Amino acid sequence: MNNRKIRVVVAGKGGVGKTTLTALLAHAFSRRGMPVLAVDGDPQANLAATLGIPASHPITPLTEQKAYIQEKIGGVPGRGGFMVLNPDVADVADRFAIPAAEGVRLLVMGGVQNAGTGCLCPEYTLISTILASTGYFPDEVILLDTPAGLEHFGRAVAEGFEYALIVTDESYNARAVARDLSRLARQCRIRQVILVVNRVRNGLEKPDTIGEMEGLFQKVWLLPHDSCITRHEPSVIPAVLDHCPIVGNIEGLAGYILAHC
């Protein structure tokens, strides 16, 4: 792949299918022989189940890896210690990412209280540094599943990611969030901002409600409503194995990203 590195952040209103899209993209890229690191930046941490990792598999989020935080960040403010604000985190994936599928690893961040409010807590510093440093990681593809918004780690996302997939459905609230996220993505200087319209029911005919948003994005990508996904949830693996209709659309999206990197 000519040493290309693809760094994609997936954002949108809660419930529009961000995590499912992230998991399906991880499989799409891995089937092309590209090593993938899927990063769960959502405190709800549903990406593991969606990738097919059993609930019985113990996963400790990075924000709970106290020894690692102490090693990399140092002291805790207010307790007499000093914090390292630019730690070397090149080893984080090799130490804490777990296998999720062939060619796919999962790194679970965990939640941070007061993120994006000027917090200089060790956990926030660690996660921000990791996100900003993704360009140095060896994985060809890094996919970041986020909570609803880019503002929590805006500066770090700006430094580490070149693509933003803003996921919406046809609902008014989801479209309003998508418009706001397009503005935030541009403020983060993300090079390619793509609107992904999920659960399109009228074949793949572009919904009228989306027309107003086309000028805000470099590309609009439509995904069909696919009952195959809900039938097999939470894991996308059966959908991939059954060649559900949406899987082909995700393969096309992966191809588009590759062609424009």
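What you see is a predicted model, and the numbers here were worked out from it, not measured in a lab.

About the thresholds
Residues numbered from 1 in each chain as written. Predicted model: local features only at pLDDT ≥ 70, side-chain atom pairs only at ≥ 80, totals over all residues. Heavy atoms only, no water. 1 Å grid on protein atoms, 1.4 Å probe; cavity = no way out; pocket = protein on both sides within 12 Å on 5 of 7 lines; lining within 4 Å. Points joined across faces, edges and corners; volume = space filled by probe spheres on them. Helix = DSSP H or I, 4+ residues; strand = E, 2+ residues; numbered from the N terminus. Nonpolar A, V, L, I, M, F, W, Y, C, P; charged D, E, K, R; others polar. Salt bridge = Lys/Arg side-chain N within 4 Å of Asp/Glu carboxyl O. Core = buried A, V, L, I, M, F, W, Y, C linked by side-chain atoms within 4.5 Å. Buried < 20%, exposed > 50% of the residue type's maximum accessible area, 1.4 Å probe, protein only. Contact = heavy atoms within 4.5 Å. Pairing = 2+ DSSP bridges. Axes fitted to C-alpha atoms, helices over the stretch in contact; angles between N-to-C directions.

Visitor: When you look at the layout of surface pockets in this model, what are you seeing that I'm missing?
Guide: Over the atoms rolls a probe the size of a water molecule, and in doing so it shows where empty space is left. Volume-wise, the largest pocket comes out at about 540 Å³. Lining the largest pocket are 30 residues, with Val16, Gly17, Lys18, Thr20 and Arg199 positioned closest to its centre. Among the elements of the structure, α1 (18–30), β7 (192–200), β8 (219–224), α8 (227–232) and α10 (245–259) are those that each provide at least two residues to the lining of the largest pocket. Counting residues per element, the lining of the largest pocket draws most heavily on α1, at five residues. For the lining of the largest pocket, the per-class residue count stands at 13 nonpolar, twelve polar and five charged.

Visitor: I would appreciate a short explanation of the pattern of salt bridges in the present structure.
Guide: Between side chains of opposite charge, pairing is possible as soon as their charged atoms come close. Summed over all chains, the structure comprises 15 salt bridges. Of the charged contacts in the structure, one is a salt bridge between glutamate 71 and arginine 95, with a shortest N-O distance of 3.1 Å. Note that glutamate 71 is positioned in helix α3 (residues 66–73) and arginine 95 in helix α4 (residues 92–96), a separation of 24 residues in sequence. Across the salt bridge formed by glutamate 214 and lysine 206, the nearest N and O atoms sit 2.9 Å from each other.

Visitor: Which parts of the structure should I look at to understand the nonpolar core?
Guide: The biggest cluster of nonpolar side chains holds 48 residues, and the ones touching the most others in it are Val9, Leu37, Ile130, Ile166, Ile190 and Leu195. With six residues, helix α5 (residues 122–132) is the single largest residue contributor to this core. If near-sequence neighbours (up to four positions away) are discounted, isoleucine 166 is found in contact with Ala11, Ala178, Leu181, Val193, Ile194, Leu195, Val196 and Phe217. Formed by 47 residues, the second largest nonpolar core is a distinct cluster that contains Leu21, Ala174, Ala239 and Ala254.

Visitor: Any chance you could explain the sheet that holds β8 here in plain terms?
Guide: Adjacent strands of a sheet pair through backbone hydrogen bonds, lying either parallel or antiparallel. Taken together, eight strands build an open sheet; the order of strands is β3-β4-β2-β5-β1-β6-β7-β8 and the sheet is mixed. The outermost strands of the open sheet, each flanked by one partner alone, are β3 (98–101) and β8. With strand direction ignored, the average angle separating the axes of adjacent strands in the sheet is 25°. The sheet contacts of helix α7 (residues 172–187) involve β1 (6–12), β6 (163–168) and β7, and relative to β6 the element is tilted by about 165°. Along the sheet, α10 contacts β1, β6, β7 and β8; its crossing angle with β8, the most-contacted strand, is approximately 160°.

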